[in-house]
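Examination of the molecular architecture
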Number of protein chains: 2
Amino acid sequence: MGKIMVVGIGPGSYEEMTIRAAEALKSCDTIVGYTVYVELVRDHFPEKEFLTTPMTKEVDRCELAFAQAAEGKNVAMICSGDAGVYGMSGLMLEIGERYPEIPVEVIPGVTAAVGGASVLGAPLIHDFAVISLSDLLTPWEKIEKRLSAAAEADFVICLYNPSSRKRHDYLQKACDRVLAWRPGTTVCGLVRNIGREGEEYRVLTLAELRDTQVDMFTTVFIGNSQTKEVGGRMVTPRGYRL
Amino acid sequence: MGKIMVVGIGPGSYEEMTIRAAEALKSCDTIVGYTVYVELVRDHFPEKEFLTTPMTKEVDRCELAFAQAAEGKNVAMICSGDAGVYGMSGLMLEIGERYPEIPVEVIPGVTAAVGGASVLGAPLIHDFAVISLSDLLTPWEKIEKRLSAAAEADFVICLYNPSSRKRHDYLQKACDRVLAWRPGTTVCGLVRNIGREGEEYRVLTLAELRDTQVDMFTTVFIGNSQTKEVGGRMVTPRGYRL
């Protein structure tokens, strides 16, 4: 019987992975993942067996990993960013209940909120809320309620999945929610392709963000009432006296 | 003129650091940090110059880093976890405005929310809020408002700095806030010494958490309405049909 490691590989480039994650990929027999993430690591581990499933096939991907481990292989299931933030570690532990003899270890990584923040400056220095705008598995009303609550209580807000082909106006709708509580001058930031080729960022106001089109490779940051632009970067002060 | 890298070293053990963070520490001349964090890395980089300042001396620590860089040294300012989550990257960028000729790069790491989640299972799989219970730099009323907002909107909640010698009843007060919106049976988790010697975790109910004493090395997780215990671990389902 093999074991399973659910591995967050970080934003994208090999160097953004933890040493523990890299050791897990080196030590395993088989790497399982969504096609796009497998392409991010394949060149660094050419001797491994790779198994992929497409987007929407998450349950199949987990079953594939357990089937491999049941055959005696040590399996690394990879996720971009961290496996525990909108990742596969929860589903793996749930499906793992059917395979109590196969150990499941979760190896953390740098999630897009943290990786994107480092590119923008320091937007998350204080209390923050992470919200996905994808309504595939969550009712939009619940997403709106969370946006309003986070805006009213002055959290910095980090948005995952801010857009897709079918949801081109979701970021605009989300900004309108926040604008009910925060001024249009609130400092915001966008980061695209975090830690990958073509990485880019932009600091802008909430009013500008509302009218900006972003894609699914973008992570969005909405500042709190104290967030400011410092030398072209987005910084939330923690409250130290300077 | 040297440069500054603000480096998140992850939860504690060397292996939890990213490859990029380890390369930064290898390439720099001087490592600056809070005494406790410096001890976590000193053995791995014995040839470096180390400069430390005590807890509460954050502004001095930043000034020390810029003074070293102004002398031509490449400086790594280290923080535990991620430098951008209750870390030093914001203060460094603010103070850096006085030293426009010294470049400041922020290198992300695994913050306690993400590292602790991987130990507990998968509590953060869905939307979550991160709140510090330290009222050194934030009024307690603002902290309570954020706790209520996050509880009402059904975020998973991760608490940093849940206790200290002077604040032994803050976790109890925080739980009472959450209990106004969530049942006492809500699944919660504690992780102590994440990624360090003596790492331990516990899954318990919100009612039990309210009457538990924790220390400053503990990170606390309060589940949302869907969070459950799966094989002794804390898991928030994302909503896939199994």
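These notes cover the structure that comes with them. (Residues numbered from 1 in each chain as written. Chains lettered and ligands numbered in written order. Predicted model: local features only at pLDDT ≥ 70, side-chain atom pairs only at ≥ 80, totals over all residues. Heavy atoms only, no water.)

1. Some thoughts on the sheet that holds strand β3 (residues 49-53) of chain B
Residues and elements named next belong to chain B. On the basis of which strands lie adjacent, the open sheet formed by five strands has the order β3-β2-β4-β1-β5 and parallel pairing. Across the chains shown, the open sheet's two edge strands, defined by having one partner strand only, are β3 and β5 (104-107). Adjacent strand axes in the sheet meet at a mean angle of 20°, parallel and antiparallel pairs treated alike. With five bridges connecting them, strand β1 (residues 4-8) and strand β4 (residues 75-79) associate as parallel partners. Bridging across to β4, G8 finds its partner in C79. Helix-sheet contacts for helix α1 (residues 19-27) involve β1, β2 (30-34), β4 and β5, and the interaxial angle to β1 is about 140°. (Pairing = 2+ DSSP bridges. Helix = DSSP H or I, 4+ residues; strand = E, 2+ residues; numbered from the N terminus. Axes fitted to C-alpha atoms, helices over the stretch in contact; angles between N-to-C directions. Contact = heavy atoms within 4.5 Å.)

2. A closer look at the environment of B:I107
Residues and elements named next belong to chain B. By the element assignment, I107 lies in strand β5. Looking at I107, the relative accessible area reads 1%, which means it is buried. Sequence spacing of I107 and A21 is 86 residues, and the spatial spacing of their C-alpha atoms is 6.4 Å. Apart from the residues lying within four places of it in its own chain, the contact partners of I107 are M5, V6, V7, G8, R20, A21 and A24. (Buried < 20%, exposed > 50% of the residue type's maximum accessible area, 1.4 Å probe, protein only.)

3. Describing the sheet that holds strand β4 (residues 75-79) of chain A
Residues and elements named next belong to chain A. As summarised here, the arrangement of the five strands in space is β3-β2-β4-β1-β5, forming an open sheet in which the pairing is parallel. Only two strands of the sheet have a single partner each, and these edge strands are β3 (49-53) and β5 (104-107). In this sheet, adjacent strand axes meet at a mean angle of 20° when their direction is disregarded. Judged from the three bridges that link them, strand β2 (residues 30-34) and β4 form a sheet pairing that is parallel. Bridging across to β4, V32 finds its partner in M77.

4. Quick word on the interface of chain A and chain B
Chain A puts 69 residues into the contact, and the matching count from chain B is 68 residues. Taking both sides of the interface into account, the surface hidden between chain A and chain B amounts to around 6100 Å²; carbon and sulfur atoms contribute 62%. There are ten salt bridges connecting chain A and chain B. A salt bridge links A:R146 to B:D127; the nearest nitrogen and oxygen atoms lie 2.9 Å apart. (Buried area = accessible area lost by both parts, 1.4 Å probe. Salt bridge = Lys/Arg side-chain N within 4 Å of Asp/Glu carboxyl O.)

5. As for the nonpolar core
In terms of nonpolar packing, the biggest core is built from 52 residues, with A:L209, B:L159 and B:L209 touching the most fellow members. With 41 residues, the next largest nonpolar core counts A:V110, A:V187, B:Y160 and B:M234 among its residues. (Core = buried A, V, L, I, M, F, W, Y, C linked by side-chain atoms within 4.5 Å.)

6. Observations concerning the packing of helix α3 (residues 58-70) of chain B against helix α4 (residues 89-96) of chain B
All names here are of chain B. The contact between α3 and α4 brings their axes to 10 Å, and the two run at 55°. Classified by the angle between their axes, α3 and α4 sit oblique to one another. Crossing of α3 over α4 shows right-handed handedness. In this structure, α3 contributes E58, V59, C62, E63, A65 and F66 to the contact, and α4 contributes L91, M92, I95 and G96. (Parallel < 35°, antiparallel > 145°, perpendicular 65-115°, else oblique. Left-handed = near helix turned anticlockwise from the far one by under 90°.)

7. So, the relation of the copies chain A and chain B
Superposition record for chain A on chain B: RMSD 0.0 Å, screw rotation 180°, translation along axis 0.0 Å. This pairing of chains is accounted for by a two-fold axis. Here 99% of the contact residues of chain A are again contact residues in chain B; the copies associate through an equivalent surface. (Least-squares fit on C-alpha atoms with pLDDT ≥ 70 in both.)

8. Some points on helix α1 (residues 19-27) of chain A
Every buried residue of α1(A) is accounted for by A:I19, A:A21, A:A22, A:A24 and A:L25. Residues of α1(A) that are buried in the fold lie against β1 (4-8), β2, α2 (35-41), β4 and β5 of chain A together with α1 of chain B.

9. Notes on the side chain of A:D154
Tracing the sequence through the fold places A:D154 in the loop between α6 (140-152) and β8 (156-160). A polar side-chain atom of A:D154 sits 2.7 Å from a polar atom in the side chain of A:S225. Ignoring anything within four residues of it in the chain, the contact list for A:D154 reads A:R182, A:N224, A:S225, B:K142 and B:R146. (Polar contact = N/O pair within 3.5 Å; in protein donor to acceptor, adjacent residues only side chain to side chain.)

10. A closer look at the packing of aromatic side chains
Residue and element names in this part refer to chain A. In total, this model carries ten aromatic pairs over all chains according to the counting rule given. Taking the centre distance of 6.0 Å and the plane angle of 55° together, the rings of Y14 and F45 count as tilted. With Y14 in the loop between β1 and α1 and F45 in the loop between α2 and β3, this residue pair connects regions lying 31 residues apart in the sequence. Considered together, Y14 and F45 belong to a single accessibility category, that of buried residues. Between Y34 and Y37, the aromatic rings sit 5.1 Å apart at their centres with planes inclined by 85°, giving edge-to-face as the arrangement. When its relative accessible area of 15% is taken as the criterion, Y34 is described as buried. Here Y37 falls in the partly exposed class, since its relative accessible area comes to 22%. The ring of F50 has R42 lying over it, and the distance from NZ or CZ to the ring centre is 4.8 Å. (Phe/Tyr/Trp six-rings, centres within 6.5 Å; stacked < 30°, edge-to-face > 60°. Lys NZ or Arg CZ within 6 Å of the ring centre and 35° of its normal.)

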